[in-house]
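# Summary of structural features
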Amino acid sequence: MFWTPEHVESMLDVLKTSTDRTVIYKCLVKLRTDLVKDKNGIVLFRTAGGVHIMVRLITKLNEKIMEVVLSILGNCCTDEQACIEAVECKVIPPLVTILKTIPNPVIQCRACRMLGNLAKSKKASQYLNVHYAAIAPAICHIIESTSAVQTRIMAFRVCRFLLSSSQFLKHFLVSNGFLQLMRIFLAVMKNNEAPKEPVPDIEVSTLIGLKRNQHREKYFEEVARNLEGVRSDIFDYQMLKNSTRNCDYALPTENETAVELALEILKCLVLISAQQIGMKAWESISRNTSLASIVCFVKEDGDQRASALKILSNFCKDPCAFYMLSTADAIVAACEMLMAVNMAKPLNESESRHCINIILTLSTDACSRSKIRRCGALRKLVAMIRDSNSQSERSSLFHILNNFQYDNLSMELLLYEGLVPMLVRELNDYLTSDDEHHKRRREERLQGGKKRKLTDPTTPETLSKFSKTHENSDFDSPSSSPRSYRTTSPCSSRSMSPVCKDLLTNDDDDNYSPACSDDDDDEDDTNGDTRERRIAANRAQASSVLDILKLIDEGSEPIDDPLSDKEDLEELSSDVPPKLAQFRNQAGDTIDIIENLIYRITLMVNKRVELGKPETLDTLIRAINLFGANNNFSNALTNILLESQFFAQIIKHGVVHQLYQLTKVEEMRKDGFAFLETLTNVGESNYGKEELVRLLRCDDVNAQHRAAISVAYIVKSHRLLYQFLYDGNALNMLFDLMLRKKSDDYYADEAVDAVTSMARYTLGIVLPEAEPAESTADICTQKPCQSAPLHENCDMKFLVSGGEDSTLTIGFNKELLCETSEVFNKMLNSDFREGHHGEIQLQDYTASGLRYFLHLIVCQERHLTESDYPALLQAYEMSRVYIIPEMEAVLQQRLIQFLDSHNCLRLLEWALKNYHAELTGTAISYYLCSSLPAQEKLQLFRTAEDSTYASEWFQLLNDAVFERCRSTGY
């Protein structure tokens, strides 16, 4: 029949005016079957005012009329404008009343379909907000009480459109909707064809060596598991992977209606999992249901795999779901997905992220970590870190590995797979990368470190990297290397203890839980149930819903709904990266995890050789330079330095020199010496001595040089130092490295710092300190002038060389000169040839030196030091020649006070020439212990090498060092 607006209006007039229920029913059926069946018919019906009339008829008490009206309105509400008209006509209150009061499943199905279409409309759904408190319990009651599958499907469809609202979810949970949903889901997914455990063969089980009723294969599996601890690095974990996943649940294959119901529930679970559910709801869920029905969708060829993984991943946000996820073997399913190869439908980025999140959450439990290790997923996780280009993904994977820090079997396997190089590479990228993320995190950590330093009440002494209690350690035994002051975890070497919430606190013992405490962990058991109660709660008591699903309401007159709004099954499976809350147990950023993992690795009994490699040590020292020593980077470095097996590598790689550089930074000075003290304890043990001797005598020249440098840095025993320097020829090696004619500058800078460190901190060689002036009052500040007369009455003169065979004359007062020195008095007032006619010739001195000398006589030695060190030295010599002891003492102090790298050789040469033992010792001490920059001190040594006194200088250096060693060491 072709419908015209006039035909529609006439039909609607009949509905308006007729009071005969039969006429109304037939008219409605006609409209429903012939007109309101497609989009054009709906528009024609709506424009004729049919929606308003249907809303008025919905209140009729006749169920047959109500059913057809709801069917018409349900189809009309597939049109956006019709939805708006319906809610404006106040259709929601009577619709809710029907849901609450009419038990007819067909009417409930039609009402739910119409309500679902209203909820699907963006504009119309806004009118539903105020009715959530009534809609939620009505829908939950229908879900629980109805026996019609289609009605349940439509009821869950309503929930799917409304569950995105937190307000509706609140009322939904209060009405036990989540519990009913899970019960029905478990009943639908129950696999009645699941294989049962075979009855053990009595004859086989009685074999010798087998336990009671234990099958032979099970026995050998147990033997293989016990062998795992022998060589965990080569253990074939796939050998034990012969157990099948939980087959108690599966998607129905024959009943299409049941499949549709299961998929509708799955879509609801996607929305529920995205919100916070609360402890009370989880308590009832955990007692009566299981998440295994969701896990069963996680398989290689599953069409709903993405949705199931998203649900499980979202549930991981809620600590209350932890136990249910663990018992449902969600972690095994996630591991299998990550490890699967050649899948027909490979994991996409979103699915992979969900799998990682599931493993990350559940790996805090010891049993879950055991499952991860035994299924071989640890190798896959390490490979993913190695191959990943995503910073966030690597961060999550490192957080997973951090949960294995107390599991020695797993850590051994991770180390065998190359965990240390990966950690070092990641840390090095973090420290050196110009990426904005790394820059920001470095700045944040630096700021955090400064705050901790300001607020940390711990004294610096308690943070020392080496404890004085090592006096009780047997350092004479090469096999017994001293340990770090930080103790290992109280767990045994075979423990798989859960990780505490704060992984990076200084006190590991306070938050640590032993391996047997998994069932008592507050995080795992938020409901406070006993272990037996939780195990019993896991056994879901599913009703025989499959039997109910087979019932058909034969008394109803079903009307086909061609516009049933069946959405694509992948509607909610397509995942957008969710803004999931950060996992609550993630302790800090990736850098904190790397810091903790490296530290934990250094605490293990079996140290990996990668820990002693130069890139590892260089990166740790770089981190300490950047972040300071009040962290686990310094603790890890201390543990490596204490390990005797790495001592030779540390020496050959020049790590000692790098540690000494820390002492040059004021904030790191104490920590740098603590690191060197740690190496001292290892180096002075029998093992360390043997290694140093071996390196000093080996054929590798570079190793010899590095050993000599290390001896100067770390050997503190004077007797032992003398043996290395003299018998081992280490001192000659050091000096050869510093001198230009004998070295190629390869280790020159290191040798310079080593000699300085040895002289200052081991031998105790120091420069004599100049005595400060008693008072600064009456000090002459006038600078001696090169042309002005030195006295008002100059009645005698000095003749000095002016260069190029010229002579300069400098006048002075004879009386003042004679009063100052008895020598001058004899020269000028007797028959001395030098004083004849009031002239004294001083051809060996310069004019500046003589003027400064005479100026000191005028001001009675109370004058600021002359900036010209040669003039100061000449004035000092003249004070000795002409026997002016007061001036000699003052000038000697000023020679020491203003000694530097530019005039040290001049002082040494003068002292050697004039046999001045005290100044000779001062100059030699300056060469050995002055804290000059390496290049400047190197230049100081190489300048002395060209001196006419080079041989005497070199011998004096050797004598000074050996004498110091002998004076206290023997």
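Values in this document were obtained by computation on a predicted structure and should not be read as measured data. (Residues numbered from 1 in each chain as written. Predicted model: local features only at pLDDT ≥ 70, side-chain atom pairs only at ≥ 80, totals over all residues. Heavy atoms only, no water.)

## Structural notes on the overall build of the chain
- Scanning the chain for helices and strands turns up 50 helices and three strands.
- Counting the 970 residues in the chain, one finds 54% classified as buried.
- Long-range contacts, defined as pairs at least 24 residues apart, comprise 74% of the intrachain contacts of the chain with a sequence gap of at least 6. (Helix = DSSP H or I, 4+ residues; strand = E, 2+ residues; numbered from the N terminus. Buried < 20%, exposed > 50% of the residue type's maximum accessible area, 1.4 Å probe, protein only. Contact = heavy atoms within 4.5 Å.)

## Structural notes on the packing of aromatic side chains
- This model, assessed by the stated rule, comprises 25 aromatic pairs.
- Measuring from centroid to centroid gives 6.5 Å for Phe853 and Tyr882, while their planes differ by 40 degrees, and the two rings are tilted. One end of the pair, Phe853, is in helix α44 (residues 847-858); the other, Tyr882, is in the loop between α45 (869-881) and α46 (885-897), with 29 residues separating them in the sequence.
- By relative accessible area, which is 1% here, Phe853 ends up buried.
- Residue Tyr882 is classed as buried on the basis of its relative accessible area, which comes to 7%.
- Among the aromatic residues, ring-to-ring pairing joins Phe735, Tyr927, Phe941, Trp953 and Phe954 into one connected group. (Phe/Tyr/Trp six-rings, centres within 6.5 Å; stacked < 30°, edge-to-face > 60°.)

## Considerations on the packing of helix α41 (residues 748-762) against helix α49 (residues 934-945)
- Remark: α41 packs on α49, axes separated minimally by 9 Å, with the N-to-C direction vectors making an angle of 85 degrees. It follows from the interaxial angle that α41 and α49 lie roughly perpendicular. Where α41 abuts α49, its residues Ala748, Asp749, Val752, Asp753 and Thr756 lie against Ala934, Gln935, Lys937, Leu938 and Arg942.
- Partitioning the contact of α41 with α49 into residue classes produces four nonpolar, two polar and four charged. (Axes fitted to C-alpha atoms, helices over the stretch in contact; angles between N-to-C directions. Parallel < 35°, antiparallel > 145°, perpendicular 65-115°, else oblique. Nonpolar A, V, L, I, M, F, W, Y, C, P; charged D, E, K, R; others polar.)

## Some thoughts on the state of the cysteines
- Overall, the coordinates contain zero disulfides when judged by the stated rule.
- Left without a disulfide partner, Cys140 is nearest to the cysteine sulfur of Cys159, which lies 6.0 Å away.
- Between Cys159, a cysteine without a disulfide, and Cys268, which holds the nearest cysteine sulfur, the sulfur-to-sulfur distance is 5.5 Å. (Disulfide = S-S within 2.5 Å.)

## Quick notes on unusual backbone geometry
- Positive phi values are uncommon outside glycine, yet Lys90 reaches one of about 60 degrees.
- Backbone geometry places Asn729, a non-glycine residue, at a positive phi of 60 degrees.
- Tracing the sequence through the fold places Asn729 in the loop between α39 (718-727) and α40 (730-738).
- The class of Asn729 is partly exposed, set by a relative accessible area of 33%.

## Let's talk about the confidence of the model for the chain
- Taken over all residues, the pLDDT of the chain has a mean of 78, while the share at 70 or more is 74%.
- Taken together, the stretch residues 229-243 has pLDDT below 50 and engages in 32 contacts with residues farther than four places along the chain or on a different chain.
- Predicted confidence for residues 566-588 stays below pLDDT 50, and this span has 49 contacts to residues more than four positions away or in other chains. (pLDDT = per-residue confidence, 0-100.)

## Considerations on the pattern of salt bridges
- Taken as a whole, this structure holds 18 salt bridges when the rule is applied.
- The residue Asp407 makes a salt bridge to Arg373 at a minimum N-O spacing of 3.0 Å. With Asp407 in the loop between α24 (391-402) and α25 (408-416) and Arg373 in helix α22 (residues 366-374), this pair connects stretches of sequence that are 34 residues apart. No difference in accessibility class separates Asp407 from Arg373, as the two residues are buried. (Salt bridge = Lys/Arg side-chain N within 4 Å of Asp/Glu carboxyl O.)

## Concerning helix α10 (residues 149-162)
- The end-to-end C-alpha distance of α10, which contains 14 residues, comes to 20 Å, matching closely the 20 Å that a straight helix rising 1.5 Å per residue would cover.
- Where burial is concerned, most of α10 is hidden: 13 out of the 14 residues are buried. (Expected span 1.5 Å × (residues − 1).)

## Some remarks on a positive patch on the surface
- On the surface, a cluster of positive charge is contributed by Lys16, Arg21, Arg56 and Lys60.
- Along the chain, the position of Arg21 falls in helix α2 (residues 21-35).
- Arg21 gets classed as exposed once you look at its relative accessible area, which sits at 52%. (Patch = residues over 30% accessible without salt bridge, like charges linked within 9 Å, V, L, I, M, F, W, Y side chains within 5 Å. Areas by Shrake-Rupley, 256 points an atom, 1.4 Å probe, with all protein chains shown as cover. Lys, Arg positive; Asp, Glu negative; His and termini not counted. Charge placed at Lys NZ, Arg CZ, Asp CG, Glu CD.)

## Side note on α49
- For α49, built from twelve residues, the straight-helix expectation of 16 Å at 1.5 Å per residue is met to within 8% by its first-to-last C-alpha distance of 17 Å.
- Within α49, the full set of buried residues consists of Ala934, Lys937, Leu938, Leu940, Phe941, Arg942, Ala944 and Glu945.

## Quick notes on the environment of Asp329
- Its place among the elements puts Asp329 in the loop between α19 (322-327) and α20 (330-339).
- Each C-alpha atom of the pair Asp329 and Cys296 lies 9.6 Å from the other, and the pair is 33 residues apart in sequence.
- Apart from residues no more than four positions distant in its own chain, Asp329 is found in contact with Val295 and Lys371.

## A short note on the nonpolar core
- With 288 residues, the main nonpolar core has Phe178 and Phe853 as its most contacted residues.
- Looking at this core, the element that brings in the most residues is helix α15 (residues 256-273), giving ten residues.
- Among residues more than four places away in sequence, those in contact with Phe178 are Phe172, Leu173, Leu269, Ile272, Ile277, Trp282, Ile285 and Phe315. (Core = buried A, V, L, I, M, F, W, Y, C linked by side-chain atoms within 4.5 Å.)

## Considering the side chain of Thr756
- Relative to the helices and strands, Thr756 is located in helix α41.
- In contact with Thr756, not counting residues within four places along its chain, are Tyr660, Leu928, Cys929, Ser930, Ser931 and Lys937.

## Thoughts on the side chain of Gln275
- Locating Gln275 in the fold gives a position in the loop between α15 and α16 (279-288).
- Separated by 2.4 Å, the side chain of Gln275 and the backbone oxygen of Leu163 make a polar contact.
- In contact with Gln275, not counting residues within four places along its chain, are Leu163, Ser164, Ser165, Ser166 and Leu169. (Polar contact = N/O pair within 3.5 Å; in protein donor to acceptor, adjacent residues only side chain to side chain.)

## What to know about the environment of Ile358
- Tracing the backbone shows Ile358 in helix α21 (residues 349-362).
- Residue classification places Ile358 among the buried residues on the basis of a relative accessible area of 0%.
- A C-alpha to C-alpha distance of 6.4 Å links Ile358 and Ile331, two positions 27 residues apart in sequence.

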